[in-house]
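Descriptive structure summary
For reference, the chains in residue letters:
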Amino acid sequence: MTRTTDVLNALVPLISDLAQELPAELRYRRLLDTLRRLLPCDAVALLRLEGDTLVPLATRGLSDDTLGRRFMVAAHPRLHAILQAPGAVRFAADCGLPDPYDGLIPGEGSQLDVHDCMGCTLRVGAGAWGVLTLDALETGRFSPADLKILDTFASLAAATVAATARLDALARSIEDERRRAESYRLAASPAPQAMVGHSPAYRQLVSEIELVAPSDLTVLVTGETGVGKELVARQLHARSPRADKAMVSVNCAALPEHLVESELFGHVRGAFSGAVGDRLGKFEMAHGGTLFLDEIGELPLAVQAKLLRVLQDGQLQRIGSDREHRADIRLVAATNRDLAAEVRAGRFRADLYHRLSVFPLRVPPLRERGRDVLLLAGAFIEENRRRTGLRGLRLSQEAQRALLAHAWPGNVRELEYLLARAALKAGARHAKGDASGIATLTAEDLDMAPPAPAAAPPADAAAPPGAPRADLRSEVDAFQRRMIEAALEANRGNMAASARALGLDRANLARLAARLGIVPAGRRQRA
Ligand SMILES: Nc1ncnc2c1ncn2[C@@H]1O[C@H](COP(=O)(O)OP(=O)(O)OP(=O)(O)O)[C@@H](O)[C@H]1O
């Protein structure tokens, strides 16, 4: 039984890893390397079952964006079959079921007609912990004997993942245990959208979120437009002890100035003309939970003074009432303005600024997140693939290079919209061509503005001497102007429809358009 000896020999480093202090990702990658040594093939993946979805934890031989994808078991018959089978399963080249990795093995064509795959469930205790998959581009690579090897490997791999979890649990402090218990509790309530990103800059942000979320500290989230500030605010709430209470969001830029105060603090009947009944303000609505003040930099100075008083006293008065109410809220605020500069310019109160920035969190722009752009692209492409009903949607090598080279002035939102448009184009082109159900998204589909001449240095790095470059603000403005003009054109100048298409409030769009000097066509004619 030399093959069995080979299996056992191959597993020795894996088992000895258990005695080492290794980050979980490294353990998983080593597990896959061992598997690939044992059963040579083109791609392997370890996926963890989370509810009805398989989440890739480590891959070898699959494109980078795979780690950003989520595979709904019900939408992938092969993964479903692997989870249902009592042991390892093989899918030969003539198997008609679509492959979840179609288009994700670099170098393969859009059709996988020469293909051999295996998969096996990792079971921990009575339940399925996850799945191992192996793909070979060469037909007949796997034999029935390989199925047995995979079975043996899977039972030991399951033991190592279970032991990894136990070792990790032991190594954690009591505080971490409390946080973990909290996250299990949260798993039962609707999960906030996952934060996709592995770059050092993004991991740093995630660990700061984990640190501050359980506290009641006020957090000021800063970052350029579209970086994901609101997503950060939602994570802060979801990971806090207030998660089962409301998170109430207020977009300070979208509120007409004369209504800001009543929106925030409420009013009583007759407080002003139009106040036909008592109305709760957002502070009271968020009682026990989190109040998220988005675009706080846009708040008028007079309201800033009132907000500061409420934050200091914890007491508020509805407009027109002399009764005091207490609102127990955790405050999270966000802005894409440089608030310190706004303070210097006299547009923002210094005392409120200090009160808000108890724990400042800076969300890094996409261009500082390296290959995260591919992970995010993977997540967005998967969403679009599902929406368009394609079997597979792959990203060509040139498209990946183009994504990595772009400066992303509109950050993650720009990437999200760009891929939605590109997926439509790729899907439409594909519908006219072959019937494989697998479309390729090319660099041409991305239709990106050419990168700015000197976009590479990070925003806060000093510009190299003698190298003039467009400043960030004007690039962001130019990008926003392009998007707004395109939306207005597509919606024949209709502000409400354009605002909906852009995911903005109408008032916010109007304000932004005015700042950028854009006049909707209808008004131009009247002028
Ligand atoms: N790390 C991430 N993983 C997945 N999706 C993300 C991530 N960051 C941002 N997004 C998505 O990008 C889009 C823009 O994010 P969000 O609205 O949070 O940005 P923002 O900084 O608040 O924008 P603005 O400055 O315009 O208010 C949203 O659809 C969000 O879900």
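Definitions and limits used
Residues numbered from 1 in each chain as written. Predicted model: local features only at pLDDT ≥ 70, side-chain atom pairs only at ≥ 80, totals over all residues. Near = placed C-beta within 6 Å. Helix = DSSP H or I, 4+ residues; strand = E, 2+ residues; numbered from the N terminus. Nonpolar A, V, L, I, M, F, W, Y, C, P; charged D, E, K, R; others polar. Domains from an automatic or database assignment. Pairing = 2+ DSSP bridges. Contact = placed C-beta atoms within 7 Å. Axes fitted to C-alpha atoms, helices over the stretch in contact; angles between N-to-C directions. Core = buried A, V, L, I, M, F, W, Y, C linked by C-beta atoms within 7 Å. Buried ≥ 20, exposed ≤ 12 C-beta atoms within 10 Å, placed from the backbone.

1. Here's the deal with the site of the ligand
Near the ligand you find 18 residues, and of these Val-196, Gly-228, Lys-229, Glu-230 and Val-412 are the closest. Put simply, the parts of the chain that give the shell around the ligand at least two residues each are α7 (229-238), α13 (372-388) and α15 (411-432). Counted by class, the shell around the ligand contains seven nonpolar, seven polar and four charged residues. Taken domain by domain, the shell around the ligand gets at least three of its residues from each of domain 2 (200-364) and domain 3 (370-460).

2. With respect to the sheet that holds strand β1 (residues 43-50)
Pairing between sheet strands relies on hydrogen bonds along the backbone, with the strands arranged either parallel or antiparallel. Taken in spatial order, the six strands line up as β3-β2-β1-β6-β5-β4 in an open sheet, and their pairing is antiparallel. In the strand order of this sheet, the two ends are held by β3 (71-72) and β4 (89-91), each with one partner. Here β1 runs beside strand β2 (residues 53-60); their pairing, made up of seven bridges, is antiparallel. Residue pairing across strands places Leu-49 opposite Leu-54, the latter belonging to β2. Sheet strands in contact with helix α2 (residues 24-38) are β1, β2 and β6 (127-136), and its direction is about 70 degrees off that of β2. Helix-sheet contacts for helix α3 (residues 77-84) involve β2, β3, β4, β5 (116-124) and β6, and the interaxial angle to β5 is about 45 degrees.

3. Examining the nonpolar core
Within the largest apolar cluster, 68 residues are counted, with the highest numbers of intra-cluster contacts made by Val-221, Leu-376, Ala-377, Leu-415 and Leu-441. Broken down by element, this core gets its largest block of residues, eight residues, from α13. Look past the residues within four positions of Ala-377 in its chain and what remains in contact with it is Asp-65, Leu-395, Leu-403, Leu-415 and Leu-419.

4. Side note on unusual backbone geometry
Not every positive phi belongs to a glycine, and Glu-295 is a case in point at roughly 55 degrees. Within the secondary structure layout, Glu-295 lies in the loop between β11 (290-294) and α10 (301-313). Non-glycine residue Trp-408 carries a positive phi angle of around 55 degrees. By the element assignment, Trp-408 lies in the loop between α14 (397-405) and α15.

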